[in-house]
Amino acid sequence: MTDIIRVAVAGPFTEALDYLPPANGPAPAVGVRVRVPLGRRERVGIVTAGPTASDLAADRLRPIIDVIDPTPLLDPATMALIEWAARYYHHPPGEAYLTALPTRLRRGDPATPGQSTAWHLTDAGRAAQPDARARRAPRQRQLLEALQRSGTLTPVQLAGIGGDARSVLRRLVEQGLAATDTAPDYGLLPGRADQPGAALNDEQQACAAAIRPTAGHAAILIDGVTGSGKTEVYLDAIARTLECGRQVLVIVPEIGLTPQLVQRFQSRLSGRIAILHSGLADGERLNAWLAARAGVADVVIGTRSAVFVPLARPGLIVIDEEHDASLKQQEGFRYSARDLAVLRAYRSDVPVVLGSATPSLESLANAAQGRYQHHALTRRAGHARPPSMQLLDMRGQPTREGLSQPLIERVQSHLDAGGQALLFLNRRGFAPTLICHECGWLAECDRCDARYTYHRGRGRLHCHHCNREQRLPHHCPSCGSVDLRALGLGTERIEAALTEAFPQTPPVRIDRDSTRRRGSFEQAMQRAQTGETRLILGTQMLAKGHHLPAVTLVAIVDADQGLFGADFRAPERLAQQVIQVAGRAGRAERPGEVVIQTHHPEHPLLQQLLHGGYPAFARTALAEREAAGLPPMRAMALIRAEATDRHAPLAFLRAAVPLAPADDAVERLGPFPAPMERRAGRHRAQLMLLADSRGDLQALLSGWLPALGRLPEARQVRWSVDVDPAES
Ligand code: ADP
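To start, this report covers the structure provided alongside it. (Residues numbered from 1 in each chain as written. Predicted model: local features only at pLDDT ≥ 70, side-chain atom pairs only at ≥ 80, totals over all residues. Heavy atoms only, no water.)

### So, empty space enclosed by the protein
In this approach the atoms are scanned with a rolling probe the size of a water molecule, which exposes any empty space left behind. One pass over the full model with this rule turns up 1 cavity of 30 Å³ or more. As a volume, the largest cavity reaches approximately 70 Å³. Around the largest cavity sit T99, A100, L101, P102, L276, R285, W289, T303, S305, A306 and V309, which together line it. Counting residues per element, the ones that place at least two in the lining of the largest cavity are helix 2 (93–100) and helix 11 (282–294). Here the residues of the lining of the largest cavity are counted per class, giving 7 nonpolar, 3 polar and 1 charged. (1 Å grid on protein atoms, 1.4 Å probe; cavity = no way out; pocket = protein on both sides within 12 Å on 5 of 7 lines; lining within 4 Å. Points joined across faces, edges and corners; volume = space filled by probe spheres on them. Helix = DSSP H or I, 4+ residues; strand = E, 2+ residues; numbered from the N terminus. Nonpolar A, V, L, I, M, F, W, Y, C, P; charged D, E, K, R; others polar.)

Okay, structure coming up:
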């Protein structure tokens, strides 16, 4: 018998690996990072158990190389959450652990925050007379006075003073008037709480009253139309939680984490705020993570992966825009931050709030089954009135680059009345298709089953699926004709059409192409917000949570692209998009108007949105999912496989099927080629599993998946499991 330590290490291992304790020094505690040998390499891993007895012969095991953390980096609750997620999503635990850590910790850097230097006065400095040095050293006098006023000076304050402040301070230190000290600097933002909140209306009050910071777990769905004051309710609940001395975790979609939102939180809350998102430098991310873990940050606002951040004293979790697809990771460790946040809140016995103007069908079903409390905010807060919505029948209408004459007139009348117009098209580039007018040749990506998007500004063809780019051909590679034409609409094309139709009012385009430069998105939004730009157009980047008070007209340029999608979730996504974009209209005093261009005005989805809004749509959609036996009424998982070889993915899945334990409770569909069979040069196939109960589905997967890796066919493919997939 040997004492071993179990270490979760990144790699395709379904369990933690066994190691001997380090040769010199004590056995590391659970939750500590260690360096271990793996093959001929060295890896950073997390101790998950030990020391425990093992039957394995000691000579087959290798010792831990060294112990990185003096005390556990991860607490038991965080570890349990990660382990649970790894099991539920059938992902290797070592990989799951590493996903949960900031890059620096993943690499094995020490878990210590940044340091900052501060200057303070000595006793001699306190007694010194600044006037004495008025003429000889005016800068020294200035800094001595500044120190005497504030007691200490931080680098941020020095930046405000400017010039040679540091070298002047060094002279004061030499004279014994000042001294320096260093302190941990987590880079947190101070909450200023210098603006009062709105007095909550009746609906908001009822909702806020349901969020009780110290009363244990409750899941609360805030189903509130855009502008109904959901954020005000969050802020009220967050402030009350902070008063109880607890921390709050706020999870938002990547695009929702704007400087605007952060400023609003700062102006309303006291306490220290940490921000966690993928755009941060590694050091900033580490600092924010450590601050959350140490309890130094009171509020943590973060994107998806923040769901794993350790909290010293959790009190409340908020998930804003809970319907947003970006809360589910789409590759590798395919976890849902929303679902894990709810589980985490349950296990920590704290409330969780899920907010959206267009709740996911999953959350609505949970509410209907009594698992979530359902609170509707049906009215816009303040003076804002709901926008009116109408369909614009495109059939037979003359159009100018996708803009119908009635739409152009509508835009004009809003501009004339001093309003702002926002046009939404969820497709960037100039046109989704380039075609030869002579022979019908289409510009297709040679690595995907997809067409190139034509980007006129850059003079290039770009595949939006694999990112491959090409120069625009001068002539058709098939017949040599120079008559190549752009088919269909993209934002660049709408921009050109608007520029022509409204020469006095240059539009601003907001999509991923126009906002590549750092800060350009914020700049464009600022121009839109201040009203400097009266015509705004863009993709879904515009749809999320931004306050555009002067927008009075919102136009959905092309609703048809979402009506006939292959994915069963396409109608849900379209309805959410329409309602979210529509929500940008008339958020302040001016009434708003929403027009939707379509060739299918009689389509039931559009009719329902028009007459009953999102709730009516959601009711029908849920009934349809029930009838079809689809999520959220049933649990779903996909087994995905891909390979450069055309036949290998299907061959692997076909070989996998007979290995499944006999189980009548799980329905199997496929294997089929994936909806876009070839992407980035790889052929893809999938097998769909559906069950009435999550437990049945999980039991089947647990009994089955280990056998798949042993199939000879598995060596020809990359395969993965996607539990609760968000897209097929
Ligand atoms: P949501 O998060 O639902 O989109 P917000 O919380 O951002 O809504 O509120 C929309 C606007 O209405 C904001 O300008 C907010 O300050 C204002 N508001 C919210 N609640 C109230 C209220 N009870 N009284 C007055 N104004 C309010």
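### Some details on unusual backbone geometry
With an omega of -5°, the peptide bond running from G50 to P51 counts as cis. Within the fold, P51 resides in strand 4 (residues 41–54). The step from P631 to P632 runs through a cis peptide bond, and the omega angle for that step is 5°. Positionally, P632 belongs in the loop between helix 19 (604–628) and strand 30 (635–643). Phi angles above zero are rare outside glycine, and A680 is one such case at about 50°.

### What about the site of the ligand?
A199, Q204, K230, T231 and R264 are the nearest of the 16 residues found near the ligand. Contacts to the ligand include Q204, whose side-chain N or O atom sits 2.8 Å from a nitrogen atom. The side chain of T231 places a nitrogen or oxygen atom 2.6 Å from an oxygen atom of the ligand. Protein burial of the ligand: of its 560 Å² of free accessible surface, 74% is covered by the chains. By residue number, the principal contributor to the shell around the ligand is helix 9 (residues 230–243), which donates 3 residues. Residue classes in the shell around the ligand are distributed as 5 nonpolar, 7 polar and 4 charged. (Near = heavy atom within 4 Å. Polar contact = N/O pair within 3.5 Å; in protein donor to acceptor, adjacent residues only side chain to side chain. Areas by Shrake-Rupley, 256 points an atom, 1.4 Å probe, with all protein chains shown as cover.)

### Some details on the sheet that holds strand 14 (residues 314–320)
Within a beta sheet, neighbouring strands are joined by backbone hydrogen bonds and run either parallel or antiparallel to one another. Strands sit in the order 9-12-13-11-14-15-10-16 across an open sheet of 8 strands; the sheet is mixed. With one partner strand each, in any of the chains shown, strand 9 (189–190) and strand 16 (373–377) form the two edges of the open sheet. Here strand 10 (residues 219–224) runs beside strand 15 (residues 352–356); their pairing, made up of 5 bridges, is parallel. Bridge pairing in strand 15 links A219 to V352. Strand contacts of helix 9: strand 10, strand 11 (247–251), strand 13 (299–302), strand 14, strand 15 and strand 16, with the helix running at about 170° to strand 14, the strand carrying the most contacts. Helix 13 (residues 361–368) contacts strand 10, strand 15 and strand 16 of the sheet and is inclined by roughly 120° relative to strand 10. (Pairing = 2+ DSSP bridges. Contact = heavy atoms within 4.5 Å. Axes fitted to C-alpha atoms, helices over the stretch in contact; angles between N-to-C directions.)

### Re the pairing of strand 12 (residues 272–276)
Along strand 12, 4 of the 5 residues are buried, which leaves the element largely enclosed by surrounding structure. Relative to strand 12, strand 9 is paired through 2 bridges, and the arrangement is antiparallel. Bridging across to strand 12, P190 finds its partner in R272. Here strand 12 runs beside strand 13; their pairing, made up of 4 bridges, is parallel. In the strand pairing of strand 13, I273 is matched with V299. Where the polypeptide runs from strand 12 across helix 11 and back to strand 13, its parallel neighbour, the crossover connection is right-handed. (Buried < 20%, exposed > 50% of the residue type's maximum accessible area, 1.4 Å probe, protein only. Right-handed = clockwise from strand over helix to strand, strands pointing away.)

### Examining the sheet that holds strand 24 (residues 469–471)
Reading across the sheet, the 3 strands line up as 22-23-24 and stay open at both edges, with antiparallel pairing between neighbours. Edge positions in the sheet fall to strand 22 (453–455) and strand 24, since each of these pairs with one other strand and no more. Each strand axis lies, on average, 30° off the axis of its neighbour in the sheet, ignoring direction. In this sheet, strand 23 (residues 460–462) lies alongside strand 22 in antiparallel orientation, the contact comprising 3 bridges. Within the sheet, the bridge partner assigned to H455 lies in strand 23 and is R460.

The quantities given are spatial measurements derived from coordinates; they are silent on function.
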